[in-house]
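Breakdown of the fold
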Amino acid sequence: MKKLFVTILMLAMLALPGAAWAASVPVYLEGERVATGLERGGNTYLPLRTMFETVGVQVEWDEAEQKITADLPDGGVLTMKIGSEYAELVRREDKASAPDVIEHSVEQSRYTLEQRPFVSGGLTYVPLRFITETVLGYELDWREGAVWLNSPGLTYKSVEGGVYVLNLADGSLRKDGQTLGRLDLPADAGLVQYHQPGAFKVATTPAGNYLLTIDGIGSGALTFEYKLTAFIPAAGGNSATCLVRSYTNTFPEPFWQDNILWLPDDNGSVSIQDATGEISRYEGEANGLCWWTDGRFKLLGSGFDFDLFDSQKQTRVDLSAELITPEVKAEVNAFLRSVDSTPQTDEWLEQYYWGYLGHTLPSADPHPNLFFDREDNGALYFNLSCAYWLPDGSQITHKVYPLVYQLPVN
């Protein structure tokens, strides 16, 4: 049995009278026959019970209203009524997957169906294209009088040999047709619609496990970039899936500290022992992603503002304040006045320039940002990027100031 995207189970009690069927239609899912559809009036319908028992999901059935309510794995809810021309599909984005959303946002779509759900012979049937393409996002093909369905997926051919395929419907990862494991795809990542071709990669870790990365673009009120990373143990067991999103593409890459893998996540950071597969989550330890660590010190931050967390002493240092000293500001202010046709005072710059340090959304006005570069020999290296207008006011450009923070020795 295949595990796919949705499980819809339902007890059907009514039947439509007097339907004349032109033919039975074989339905194949990734090459395996899973159901037999019915053709009626030139349209094809899928049997819910037979089709979706292979995909195993729960559905509520309201006998009084003859209504199907299906909870989708991406957090959405599909409702349909027997004989009704309408179907509703609600997608939810909750605070757990989107910390910047106060509670949750709801996108609700109401569809007018040309083919209505019905019951015949004790089976409930639903319109083929609406369920497979609109709701599930399957790729649909007709060949030799049969329906062939394929789950949306991403493919990566490794230089070492082997073809990896990530099934975006059920999160399973395969190599050369063999299932390696399954990851929980974030509900609102938009992987089907907005993934970037060529941005899906799979690598093996030193211990022989699998590290998966996807770079993509999501769309909402504003377009954002995201990076999804996942750890899948080769021997089976718990996997870890992490997602970070940014409007300005500032999030850390996965990195290693000895034999520990660190993954960024919207809710904090995750460390994984490569040899044992032990997963530790740091949600809110110091309210930020982990950009670097030596085991004792952790560089944490949103991507523009950084804290140094000392896990031994349980103390935090605001590195933004430590690095952007009055002397640094004075140097930047002098430069800004030299290229600005309307020189501004230090007080004005403090409020209207430095006050927007680390502004997270794209802006038409110049503002400064702090970026982490690297650690080297006990020192953390940063770049202070100061955006400003060209002297002729034609466009915004940047001047970069390298900054260094020396780590404590005791």
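Because the structure is predicted, anything quoted here is derived from the model rather than measured.

1. A few points about the sheet that holds strand β29 (residues 368-376)
Read from one edge of the open sheet, 3 strands run β29-β30-β31, paired in antiparallel fashion. Two strands close off the open sheet at either side, each with one partner strand: β29 and β31 (396-406). Adjacent strand axes in the sheet meet at a mean angle of 25°, parallel and antiparallel pairs treated alike. Direction of pairing for β29 relative to strand β30 (residues 379-389): antiparallel, over a ladder of 8 bridges. Looking at β30, one finds that Asp376 is bridged to Ala379. Sheet strands touched by helix α5 (residues 326-339): β30 and β31. Its angle to β30, the strand with the most contacts, is close to 25°.

2. A look at the pattern of salt bridges
Scanning all chains against the criterion turns up 14 salt bridges. We note a salt bridge from Asp310 to Arg296, for which the minimum N-O separation is 2.8 Å. With Asp310 in strand β27 (residues 306-310) and Arg296 in the loop between β25 (289-293) and β26 (297-301), this pair connects stretches of sequence that are 14 residues apart.

3. Examining the pairing of β25
For β25, the tally of buried residues reaches 5 of 5 residues, placing the bulk of the element in the interior. Sheet topology places β25 next to β26; 4 bridges connect them, and they run antiparallel. Paired with Leu289 across the strands is Gly301, a residue of β26. Between β25 and β26, which pair antiparallel and follow one another directly, the connecting turn spans 3 residues, one of which, Gly295, has a positive phi of 105°.

About the cut-offs
For every chain, the first residue of its written sequence is number 1, and the numbers climb from 1 along that sequence. Per-residue local features are limited, in this predicted model, to residues with pLDDT of at least 70; the limit for side-chain atom pairs, both in listing and counting, is 80 or more; totals at the level of whole chains, interfaces and linings are taken over all residues. Each side-chain value is derived from all of the structure's non-hydrogen atoms; neither hydrogens nor water enter the calculation. Here a strand pair is declared whenever DSSP counts at least two bridges between the two strands. Helix and strand definitions here come from DSSP, where helices need a minimum of 4 consecutive H or I residues and strands a minimum of 2 consecutive E residues; each element is numbered from the N-terminal end. Here, axes are lines fitted to C-alpha atoms. For helices the fit covers the stretch in contact, and angles between N-to-C directions go from 0 to 180 degrees. Throughout, a residue-residue contact means that at least one pair of heavy atoms, one from each residue, lies within 4.5 Å. When a carboxyl oxygen of Asp or Glu is within 4 Å of a side-chain nitrogen of Lys or Arg, the pair counts as a salt bridge. Relative accessibility decides the category of a residue: with a 1.4 Å probe and only protein chains considered, values under 20% of the type maximum give buried, values over 50% give exposed, and everything between is partly exposed.

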